[in-house]
Amino acid sequence: MVVFRYDKTFDGLLTAIFDAYSRRTFPDLLLPHGELPPLFTGEVYDVATDAARSARVWKGLMSKLGRPLSNMVLYVWLSEREGADMLLLRYIRKIFDSPGQFAYNLADGDVLEVKKLAHKVSHEGHYLQMFVRFQKAGDDSFFAPVSPEFNSLPIAIPYFTDRFRDQKWLIYDVRRRYGYYYDLKQATEVTIEDDGHLLDGKLDTKLMAEDEKRFQTLWKNYFDAMAIKERINPRLQRQQMPRRYWKFLTEKQ
């Protein structure tokens, strides 16, 4: 058995693929740095992440697949599913080693799994666009907590920078403890050292703008007034508005 250990980053994975082709030895298992390999492992290779080698692999994928299908590779990585890195290793190897449009061969199990998983991550990005609820802070910036099933926040950020380009805002993933702050020019990834108070999704009343509570009350009243009791369908509502988002929806508080 051949084991590659890497830093568990996307660039690290692409570097591992580059090194595998250079060494003409492909791993049977991918592990994080420092983790002990299984018994009877024949070879352990530690990958040193390199941006140039990673870029060459990505450029090769772009030339073989084009941007939409290449983005599927990134989406699978953002799924954070166990074994996603090995799935991508097999998939990318097949793309490079097979002639023609192998990415459309849905009879192959890896191709089908990549397509299905990428679709789920992309769909979660659309949920973020629909269900993010901003709260106005005293400094006229806006804050929104999220906790998506997949790490889909990066693929949703371009929508928010375009839709709310005239406002300063912070969208924070409380599950993964990072977010993006937009300063009217660009969105920058940020982390908050003491983010425990953000886990409930409510901005501290001391930090709220004076009219924020009033607007929240108005929105709740509008939501209640528009509801038709005879047509309430909780099952359908859960399908179209997943419960994991309810915690952060003003109208569901």
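Owing to the predicted nature of the structure, the values given are computational and were not obtained by experimental measurement.

Draft legend 1. Up close: unusual backbone geometry. Unlike most non-glycine residues, Glu-80 shows phi in positive territory, near 60°. Turning to its location among the elements, Glu-80 is positioned in the loop between α3 (67-78) and α4 (84-97). For Asp-140, which is not a glycine, the phi torsion comes out positive at approximately 70°. Following the sequence through the fold, Asp-140 ends up in the loop between β4 (135-136) and β5 (142-146).

Draft legend 2. Here's a closer look at the layout of surface pockets. Of the volumes computed, that of the largest pocket is approximately 460 Å³. Along the walls of the largest pocket sit 14 residues, with Ala-227, Arg-231, Ile-232, Asn-233 and Gln-237 positioned nearest its centre. Within the residue set of the lining of the largest pocket, elements represented by two or more residues are α7 (212-226) and α8 (234-240). The element contributing the most residues to the lining of the largest pocket is α8, with 4 residues. Residue classes in the lining of the largest pocket are distributed as 9 nonpolar, 3 polar and 2 charged. Empty space within the second largest pocket amounts to approximately 260 Å³. If you trace the second largest pocket, you find it lined by Arg-133, Phe-134, Gln-135, Lys-136, Phe-142, Asp-211, Glu-212, Phe-215, Gln-216, Trp-219 and Thr-250. Looking at the lining of the second largest pocket element by element, the count peaks at 4 residues for α7. Partitioned by chemical class, the residues of the lining of the second largest pocket number 4 nonpolar, 3 polar and 4 charged.

Draft legend 3. Just the environment of Phe-223, in detail. Examined against the element boundaries, Phe-223 turns out to sit in helix α7. The class for Phe-223 is partly exposed, based on a relative accessible area of 27%. For the pair formed by Phe-223 and Lys-252, sequence separation is 29 residues and the distance between their alpha carbons is 9.2 Å. Look past the residues within four positions of Phe-223 in its chain and what remains in contact with it is Gln-237 and Glu-251.

Draft legend 4. Focus on the confidence of the model for the protein. Taken residue by residue, the protein gives an average pLDDT of 89. The fraction at 70 or more is 95%. Averaged over each element, pLDDT in the protein is lowest for α7 (75) and highest for helix α1 (residues 10-23) (97).

Draft legend 5. View of the pattern of salt bridges. Taken as a whole and judged by the stated rule, the model has 16 salt bridges. Salt-bridge contacts for Arg-53 lead to Asp-50; the nearest nitrogen and oxygen are separated by 3.7 Å. Judged by relative accessible area, which is 26%, Asp-50 ranks as partly exposed. A salt bridge links Lys-94 to Asp-110, with the nearest nitrogen and oxygen atoms 2.7 Å apart. Linking Lys-94 in helix α4 with Asp-110 in helix α5 (residues 109-131), this pair joins segments that are 16 residues apart in sequence. In this structure Lys-94 comes out as partly exposed when scored by relative accessible area, which is 25%. Taking relative accessible area as the criterion, Asp-110 reaches 11% and is therefore assigned buried.

Draft legend 6. Empty space enclosed by the protein, seen in detail. Tallying each qualifying case throughout the model produces 1 cavity of 30 Å³ or more. In this model, the largest cavity occupies a volume close to 50 Å³. Class assignment for the residues of the lining of the largest cavity results in 6 nonpolar, 2 polar and 1 charged.

Draft legend 7. Geometry of the sheet that holds β4. Taken together, 5 strands build an open sheet; the order of strands is β4-β5-β6-β7-β8 and the sheet is mixed. Edge positions in the open sheet fall to β4 and β8 (187-190), since each of these has one partner strand only. By the bridge criterion, 4 bridges tie strand β7 (residues 178-182) to β8 in an arrangement that is antiparallel. Paired with Gly-179 across the two strands is Val-190, which belongs to β8.

Draft legend 8. Structural detail: the packing of aromatic side chains. All told, the structure shown has 17 aromatic pairs when counted by the stated rule. Ring centres 6.2 Å apart and planes at 15° place the aromatic pair Phe-160 and Phe-164 in the stacked group. Just as Phe-160 is buried, Phe-164 falls in that class too. The ring of Tyr-45 is capped by Arg-23, whose NZ or CZ atom sits 4.2 Å from the centre of that ring. Lying over the aromatic face of Phe-26, Arg-93 brings its terminal NZ or CZ to 3.7 Å of the ring centre.

Each value, and the rule that gives it
- Residues numbered from 1 in each chain as written.
- Predicted model: local features only at pLDDT ≥ 70, side-chain atom pairs only at ≥ 80, totals over all residues.
- Heavy atoms only, no water.
- Helix = DSSP H or I, 4+ residues; strand = E, 2+ residues; numbered from the N terminus.
- 1 Å grid on protein atoms, 1.4 Å probe; cavity = no way out; pocket = protein on both sides within 12 Å on 5 of 7 lines; lining within 4 Å.
- Points joined across faces, edges and corners; volume = space filled by probe spheres on them.
- Nonpolar A, V, L, I, M, F, W, Y, C, P; charged D, E, K, R; others polar.
- Buried < 20%, exposed > 50% of the residue type's maximum accessible area, 1.4 Å probe, protein only.
- Contact = heavy atoms within 4.5 Å.
- pLDDT = per-residue confidence, 0-100.
- Salt bridge = Lys/Arg side-chain N within 4 Å of Asp/Glu carboxyl O.
- Pairing = 2+ DSSP bridges.
- Phe/Tyr/Trp six-rings, centres within 6.5 Å; stacked < 30°, edge-to-face > 60°.
- Lys NZ or Arg CZ within 6 Å of the ring centre and 35° of its normal.

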